[in-house]
Amino acid sequence: IEVEYDTYEPLIELDQILAENAREIHKGSKNTIAEYSLLSPFKDESDNELAFSDADIILDGDYRTSMVQHCHIENHTAYAYMEDTTHITIVTSTAIPHILRQQLWMKSSGVKHFFIFVL
């Protein structure tokens, strides 16, 4: 089998992605899913100019912020028990029980992965 690949420059910055001549990620999308205007309830640009002329302060620029952690809904708690000498059951609110099970198996000494249950 011979495979031919097209190589593209990565689209990373928003200005680059939304540029008029930007390569479309999905054909016909203009690289957007939907369009909403949160800036102004006015109908056209001349109304915006009127709003700007009436404003006390206008802030215009590109702004960046650091990455933040989302607010968790689940509790950060877990407990484990053994009903016999070979099976470990962990009860937790994790969204990734399969990864937790794998991590525990890799760190455990001699416990087979199929003896670890994560609920």
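The structure displayed is predicted, hence computed values, not measured ones. (Residues numbered from 1 in each chain as written. Predicted model: local features only at pLDDT ≥ 70, side-chain atom pairs only at ≥ 80, totals over all residues. Heavy atoms only, no water.)

Chemist: What am I meant to see in the overall build of the chain here?
Modeler: Across its full length, the chain carries three helices and three strands. Put simply, the chain runs from its N terminus to its C terminus through helices and strands in the order α-α-β-β-α-β. Within the chain, buried positions represent 8% of all 119 residues. Excluding contacts between residues fewer than 6 apart, the proportion of contacts in the chain whose partners are at least 24 apart in sequence is 24%. For the chain, the exposed area adds up to about 11,700 Å²; of that, 56% sits on carbon and sulfur atoms. (Helix = DSSP H or I, 4+ residues; strand = E, 2+ residues; numbered from the N terminus. Buried < 20%, exposed > 50% of the residue type's maximum accessible area, 1.4 Å probe, protein only. Contact = heavy atoms within 4.5 Å. Areas by Shrake-Rupley, 256 points an atom, 1.4 Å probe, with all protein chains shown as cover.)

Chemist: How do you make sense of the pairing of strand E2 (residues 88-92) when you look at a structure like this?
Modeler: In summary, the side chains of a regular strand alternate between the two faces of the sheet. Pairing geometry for strand E1 (residues 78-81) and E2, over four bridges, is antiparallel. Looking at the pairing, Ala 80 lines up with Ile 90 of E2. Here E1 hands over to E2 after six residues, the two strands then running antiparallel side by side. (Pairing = 2+ DSSP bridges.)

Chemist: Would you mind going over the environment of Leu 11 with me for this structure?
Modeler: If you trace the backbone, Leu 11 turns up in the segment before helix H1 (14-17). Residue Leu 11 is classed as partly exposed on the basis of its relative accessible area, which comes to 23%. Expressed as a C-alpha distance, the spacing of Leu 11 and Arg 23, which sit 12 residues apart in the sequence, is 8.4 Å. Dropping the residues within four chain positions of it, Leu 11 is found in contact with Gln 16, Ile 17, Arg 23, Ile 25 and Asn 31.

Chemist: Help me understand unusual backbone geometry, please; the structure alone is not making it clear to me.
Modeler: Negative phi is the rule for most residues except glycine; trans is the rule for most peptide bonds. Even without a glycine there, the phi angle at Lys 30 is positive, about 55°. Inspection of the secondary structure assignment puts Lys 30 in the loop between H1 and helix H2 (45-54). The backbone of Asn 31 sits at a positive phi, close to 60°, despite the residue not being glycine. Within the secondary structure layout, Asn 31 lies in the loop between H1 and H2.

So far we have only geometry, and geometry alone does not tell us how the molecule works.
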